Amino acid sequence: METLRELTNDMYALLEYADSTDPDDQLVFQDTLDGLKGMIEQKADGYCAVMDQIKANIAAHDLEIKRLTARKNAMEANIKRMKELLLEAMVAMDEKKIMTGLYTITRCKNGGKQPMEITGEVPDNYKRIVYETDTDKIREDLEQGKELSFAQLKERGEHIIV
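Below is a summary of the structure that appears in this document. (Residues numbered from 1 in each chain as written. Predicted model: local features only at pLDDT ≥ 70, side-chain atom pairs only at ≥ 80, totals over all residues. Heavy atoms only, no water.)

### Re the overall build of the protein chain
- Counting secondary structure elements, the protein chain contains 3 helices and 2 strands.
- When the helices and strands of the protein chain are placed in sequence order, the string is α-α-β-β-α.
- Radius of gyration (C-alpha) of the protein chain: 34 Å, far over the 15 Å computed for a compact globule of 162 residues.
- On the principal axes, the C-alpha backbone points of the protein chain span a range of 100 × 55 × 20 Å. (Helix = DSSP H or I, 4+ residues; strand = E, 2+ residues; numbered from the N terminus. Rg over C-alpha atoms; globule rule 2.2 N^0.38 Å.)

### So, the layout of surface pockets
- Computed from the structure, the largest pocket encloses a volume of approximately 350 Å³.
- Lining the largest pocket are K83, L86, L87, M90, K96, I105, T106, R107, C108, K109 and N110.
- Where the lining of the largest pocket is concerned, the elements lending two or more residues are α2 (23-93) and β2 (104-106).
- At 4 residues, α2 tops the list of elements feeding residues into the lining of the largest pocket.
- Looking at side-chain class alone, the lining of the largest pocket contains 5 nonpolar, 2 polar and 4 charged residues. (1 Å grid on protein atoms, 1.4 Å probe; cavity = no way out; pocket = protein on both sides within 12 Å on 5 of 7 lines; lining within 4 Å. Points joined across faces, edges and corners; volume = space filled by probe spheres on them. Nonpolar A, V, L, I, M, F, W, Y, C, P; charged D, E, K, R; others polar.)

### Some details on a nonpolar patch on the surface
- Together, Y47, M51 and V162 give the surface a local cluster of nonpolar side chains, amounting to about 300 Å² of exposed area.
- Along the chain, the position of Y47 falls in helix α2.
- Looking at Y47, the relative accessible area reads 42%, which means it is partly exposed. (Patch = residues over 30% accessible without salt bridge, like charges linked within 9 Å, V, L, I, M, F, W, Y side chains within 5 Å. Areas by Shrake-Rupley, 256 points an atom, 1.4 Å probe, with all protein chains shown as cover. Salt bridge = Lys/Arg side-chain N within 4 Å of Asp/Glu carboxyl O. Buried < 20%, exposed > 50% of the residue type's maximum accessible area, 1.4 Å probe, protein only.)

### Considerations on unusual backbone geometry
- Notably, D94 is not glycine yet its phi reads approximately 55°, a positive angle.
- Secondary-structure assignment places D94 in the loop between α2 and β1 (97-99).
- On the accessibility criterion, D94 (60% relative accessible area) is exposed.

### A closer look at the packing of helix α1 (residues 4-15) against α2
- Two elements in contact, α1 and α2, have axes separated by 10 Å at closest approach and are oriented at 155°. By the angle between their axes, α1 is roughly antiparallel relative to α2. Seen from above, α1 lies across α2 with left-handed handedness. In contact with L4, L7, D10, M11, L14 and L15 of α1, α2 contributes F29, T32, L33, L36, K37, M39, I40, K43 and Y47. (Axes fitted to C-alpha atoms, helices over the stretch in contact; angles between N-to-C directions. Parallel < 35°, antiparallel > 145°, perpendicular 65-115°, else oblique. Left-handed = near helix turned anticlockwise from the far one by under 90°. Contact = heavy atoms within 4.5 Å.)

### Thoughts on the side chain of D141
- With respect to the element layout, D141 can be found in helix α3 (residues 135-143).
- Residues contacting D141, with those up to four places away along its chain left out, are K146 and L148.

### What about the pattern of salt bridges?
- Taken as a whole, this structure holds 5 salt bridges when the rule is applied.
- With its nearest N and O atoms 3.4 Å apart, the salt bridge here joins K127 to E121.
- Here E121 falls in the exposed class, since its relative accessible area comes to 69%.
- The partly exposed category is assigned to K127, whose relative accessible area is 43%.
- Each of E121, D124 and K127 takes part in salt bridges that share partners, so that together they form one network.

### Quick look at the nonpolar core
- If you look at the biggest cluster of nonpolar residues, it comprises 6 residues: L7, M11, L14, F29, L33 and L36.
- The set of elements that each furnish at least two residues to this core consists of α1 and α2.
- Apart from residues lying up to four places away in sequence, M11 is in contact with L33, L36, K37 and I40. (Core = buried A, V, L, I, M, F, W, Y, C linked by side-chain atoms within 4.5 Å.)

Structural data, given as structure tokens:
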């Protein structure tokens, strides 16, 4: 059986002969056109069935992702809790390092920027001005026919609904 691409190419090739005035050619053209349309419709049914199965697989994968993500998050929470308990014990013992037969556990200060807390109103000289592109205004001006050197409306695409 031909692929959908091959059938589509056959349809384009057939349409090149659509302007023939010979009645016999018209009859052959119409029969061939009907046959191609039927094969394309049959192929479209198959495509839709495969897409439905893929959608079902996607839904199953989404559920599995959620399940595994929840498991991963629980494991990470366990590790965090265990580290907190180890840190608490080391602080209580006033120990900087514990050496076991298998591991060396070291208590150290966090790196990066020193934490900060802002408790009051911040003066303007400690604030940034942030400019955002107003895409709604740009779109509105373009739709009203205004020409902008930095933006233009693009053609809308097409899609399939099954």
